[in-house]
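Breakdown of the fold
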Amino acid sequence: MTAFAAVVERYAARESVLHRADARAKVPAVFLTVLAVTSTREGDWLALALLVIPVVVGAYASKLGPWFVLRRTFLALPFVLAVLPLAFTRPGETVLTLPVVGWTASDDGLTAVATILARSWIAVAITALLVSTTTVVEILRALRTFRVPRLLVATIFFAYRYFFVIGEEAVRMLRARDSRSASIPGHRAGGTLRWRARVAGYMVGSLFVRSLDRSERVYAAMQARGYAGEPQFLDHAPLPVRQGVGAALVVAYAVAVQVGTRLA
Amino acid sequence: MMSITQAAIQVTSDGPGMHIPDGFVSAPVAAAGWVAMVGILAVAVRVTNRELNEKAVPLMGVMAAFIFAAQMMNFPVAGGTSGHMLGGALAAILLGPWAAMIVMTAVVGFKSVLFQDGGIAALGLNVLNMGMLTALVGYASYRTAEPLLRGNRTALLASVSVAAWISVEVAAVSTSLQLAVSGSSPLDVVLPAMVGVHALIGVGEGLITAAALGFIMTTRADLLPQRRPASSSTGRG
């Protein structure tokens with residue numbers, strides 16, 4: 001597809017068991033496993049350790065390796081700030097006191113923070129494995145087989161296609177703004193905050209007009225090619241039973257971990 | 001080519017803590033988010049399909065790409081930070097609330113799956129907060145103010161900017177509540193932090209949204225929903 005897709009999907013074009021697996025098996029397996037991971041209880045270290053196993057297995061099975069998965073998962077890090085206060089506000093036995101400010105962290109608070117971060121990391125890693133082994137078109141096709149409304153799937157499909165085109169337009173406008181905004185180092189450049197925001201707003205408005213015009217041309221071209229409301233695919237192979245069973249086993253494992261650690 | 005990818009990844013962090021990752025909200029809260037999102041989306045899809053037919057697909061898709069690209073349109077604020085917009089209110093004013101919800105769902109879902117910006121289990125909540133609430137609140141505040149102003153352009157744009165600001169604040173409040181209910185963040189810490197940070201982000205949102213709408217009113221007023229014939233209330237062919 002586009003060059004943008006080539007960058008975003010550069011790992012999805014590789015070869016491995018996970019890459020070959022059908023998206024109709026991978027998408028529901030990932031969704032349900034992530035749900036199971038999110039329902040891990042606070043301080044249930046055994047369950048968390050057992051749930052890391054599928055991530056490690058997946059990292060090797062995809063031939064992307066654990067380092068790749070680790071790198072991909074750092075994107076979600078800034079959100080850590082949102083849970084850290086929990087360590088200091090949750091009542092419990094004090095285990096450490098921050099030097100200067102004198103806040104006290106409780107054992108229950110630290111347990112809660114660690115659990116949330118671990119759950120989140122496992123979920124992000126599982127999602128990263130899905131996206132790194134599956135093209136967007138395959139994911140969207142899988143969504144259609146699960147009755148996600150046609151309009152929504154087609155919208156995401158078109159957004160993915162045209163993001164590159166519209167994004168290039170946006171980058172050109174940003175470059176144009178940079179080249180007309182000369183400034184002397186050390187001197188204050190540009191008008192007031194309001195003025196700067198207005199320039200950005202005009203660019204957004206201009207981008208909207210251009211995008212709308214483009215969507216009309218796209219629609220005319222689609223009509224000329226006989227578009228009937230749904231993209232057509234050439235292969236309609238049913239989902240291989242083995243892959244369906246494989247996906248079900250992964251989900252069953254995650255559910256068994258949750259049920260097992262609750263019973264034990 | 002790389003520059004777009006880099007810009008796209010940069011905008012994936014719009015302010016601290018709007019896209020909730022998985023594991024931060026409890027499973028029941030996440031599930032409730034999914035149920036609410038699916039219900040609202042079903043209505044949005046039905047309304048949009050009725051109004052636009054198959055024409056909706058290229059329009060909604062290109063508009064989702066537009067919102068994504070519009071989020072790249074940043075402006076320097078101070079000290080190396082920059083402001084940009086989320087676009088929910090603008091989309092709702094330009095396309096109508098239902099079409100805007102579909103567009104914003106596509107944008108939020110896209111970021112969640114491709115860049116892991118916001119979780120999959122938490123996707124329902126993220127779409128609800130950033131796509132649906134911003135569109136609904138932005139549109140409602142705008143439509144409430146609009147008839148009172150009798151075509152006064154400055155007042156209209158000022159009200160748009162306030163509407164966009166409110167939409168961001170409501171999304172921030174809603175995100176804080178979900179985190180607090182899940183027990184992931186104490187309400188008395190997360191609520192003031194989120195509301196405070198987004199009060200500033202919301203100013204950028206308001207200024208850009210008003211300027212963008214002002215630009216369209218001046219150059220292509222025929223594209224605005226109120227000026228179009230009733231038969232195509234959400235978009236031009």
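Residues numbered from 1 in each chain as written. Chains lettered and ligands numbered in written order. Predicted model: local features only at pLDDT ≥ 70, side-chain atom pairs only at ≥ 80, totals over all residues. Heavy atoms only, no water.

The next point concerns the overall build of chain A. When its secondary structure is counted, chain A shows 12 helices and 2 strands. Counting the 264 residues in chain A, one finds 44% classified as buried. Within chain A, counting contacts between residues at least 6 apart in sequence, those at least 24 apart form 74% of the total. As displayed, chain A has an accessible area near 13900 Å², and 64% of this comes from carbon and sulfur atoms. (Helix = DSSP H or I, 4+ residues; strand = E, 2+ residues; numbered from the N terminus. Buried < 20%, exposed > 50% of the residue type's maximum accessible area, 1.4 Å probe, protein only. Contact = heavy atoms within 4.5 Å. Areas by Shrake-Rupley, 256 points an atom, 1.4 Å probe, with all protein chains shown as cover.)

On to the interface of chain A and chain B, then. Between chain A and chain B, the residue contacts involve 77 residues of the former and 73 residues of the latter. Between A:Asp213 and B:Arg220 there is a salt bridge whose closest N-O contact spans 3.7 Å. Of all the elements in the fold, those that place two or more residues in the side of chain A that touches chain B are α1 (3–8), α3 (23–38), α6 (80–83), α7 (85–89), α8 (107–133), α9 (136–145), α10 (150–180) and α11 (193–224) of chain A. Considering each element in turn, the side of chain A that touches chain B owes the most residues, 24 residues, to α11(A). Here the side of chain A that touches chain B is built from residues that sort into 53 nonpolar, 13 polar and 11 charged. (Salt bridge = Lys/Arg side-chain N within 4 Å of Asp/Glu carboxyl O. Nonpolar A, V, L, I, M, F, W, Y, C, P; charged D, E, K, R; others polar.)

Moving on, we come to the packing of α9(A) against α10(A). Residue and element names in this part refer to chain A. One can describe the packing of α9 onto α10 by two numbers: an axis separation of 10 Å at closest approach and a directional angle of 175 degrees. In terms of orientation, α9 lies roughly antiparallel with respect to α10. Along the contact surface, α9 presents Val136, Val137, Leu140, Leu143 and Arg144, while α10 presents Arg150, Val153, Ile156, Phe157 and Tyr160. Here the residues of the contact of α9 with α10 sort into 8 nonpolar, no polar and 2 charged. (Axes fitted to C-alpha atoms, helices over the stretch in contact; angles between N-to-C directions. Parallel < 35°, antiparallel > 145°, perpendicular 65-115°, else oblique.)

Another point: the nonpolar core. In terms of nonpolar packing, the biggest core is built from 89 residues, with A:Val204, A:Phe208, B:Met60, B:Phe66 and B:Leu213 touching the most fellow members. Counting residues per element, this core draws most heavily on α10(A), at 16 residues. When residues of this core are assigned to domains, at least three map to each of domain 1 (3–144 + 237–263) and domain 2 (149–180 + 194–224) of chain A. Ignoring anything within four residues of it in the chain, the contact list for A:Phe208 reads B:Met63, B:Phe66, B:Leu94, B:Ile216 and B:Leu223. Formed by 27 residues, the second largest nonpolar core is a distinct cluster that contains A:Val34, A:Leu64, A:Val257 and B:Ile120. (Core = buried A, V, L, I, M, F, W, Y, C linked by side-chain atoms within 4.5 Å. Domains from an automatic or database assignment.)

Residue and element names in this part refer to chain A. One non-glycine residue with positive phi stands out, namely Lys63, at about 60 degrees. Its relative accessible area of 62% is what places Lys63 among the exposed residues. For Arg147, which is not glycine, the phi torsion reads 65 degrees and is therefore positive. Of note, Arg147 is situated in the loop between α9 and α10.

All names here are of chain A. Note that Glu15 resides in the loop between α1 and α2 (17–20). Among the residues examined, Glu15 registers a relative accessible area of 47% and is labelled partly exposed. When the C-alpha atoms of Glu15 and Thr133 are compared, they prove to be 8.5 Å apart, with 118 residues separating the residues in sequence. Discounting residues that sit within four places of it in the chain, Glu15 has contacts with Arg20 and Lys63. Looking at Glu15, its side chain comes within polar contact range of the side chain of Arg20, at 2.5 Å. (Polar contact = N/O pair within 3.5 Å; in protein donor to acceptor, adjacent residues only side chain to side chain.)

So, about the environment of B:Leu157. Residues and elements named next belong to chain B. By the element assignment, Leu157 lies in helix α7 (residues 153–181). Taking the relative accessible area as the measure of exposure, Leu157 reaches 15% and is therefore buried. Sequence separation between Leu157 and Val113 is 44 residues, and the spatial gap between their C-alpha atoms is 35 Å. With near-sequence residues (within four places) excluded, Leu157 lies in contact with Ala210, Leu213, Gly214 and Met217.

This brings us to the packing of aromatic side chains. Inspection of every chain in the model, using the stated rule, returns 8 aromatic pairs over all chains. With 5.2 Å between their ring centres and 80 degrees between their planes, B:Phe68 and B:Phe110 make a pair best called edge-to-face. Of the two residues, B:Phe68 sits in helix α3 (residues 56–70) while B:Phe110 sits in helix α5 (residues 97–115), which places them 42 residues apart along the sequence. For the pair shown, B:Phe68 and B:Phe110 are each scored as buried. Here the aromatic residues A:Tyr160, A:Phe163, B:Phe68 and B:Phe110 are joined through ring pairs into a cluster of three or more. Over the face of the ring belonging to B:Phe68 we find B:Lys111, whose NZ or CZ atom lies 5.5 Å from the ring centre. (Phe/Tyr/Trp six-rings, centres within 6.5 Å; stacked < 30°, edge-to-face > 60°. Lys NZ or Arg CZ within 6 Å of the ring centre and 35° of its normal.)

Moving on to the confidence of the model for chain A. A residue-level look at chain A finds 89% of positions with pLDDT of 70 or above and a mean pLDDT of 83. The least confident element of chain A is α1(A), whose mean pLDDT is 60; the most confident is helix α4 (residues 45–61) of chain A, at 92. (pLDDT = per-residue confidence, 0-100.)

A word on α7(B). All names here are of chain B. With 29 residues, α7 should reach 42 Å at 1.5 Å per residue; the first-to-last C-alpha distance of 42 Å fits that figure. The residue sitting at the N-terminus of α7 and contributing the capping side-chain oxygen is Asn152; that oxygen lies 3.2 Å from the backbone nitrogen of Thr154. Backbone geometry just after α7 places Gly183 at a positive phi near 75 degrees. (Expected span 1.5 Å × (residues − 1).)

On to the pattern of salt bridges. Residue and element names in this part refer to chain A. If you walk through the whole model with that rule in mind, you get 10 salt bridges over all chains. A salt bridge links Arg20 to Glu15; its shortest N-O distance comes to 2.5 Å. Judged by relative accessible area, which is 52%, Arg20 ranks as exposed. With a closest N to O distance of 3.6 Å, Glu169 and Arg214 form a salt bridge. You can see Glu169 sitting in helix α10 and its partner Arg214 sitting in helix α11, a full 45 residues away along the chain.

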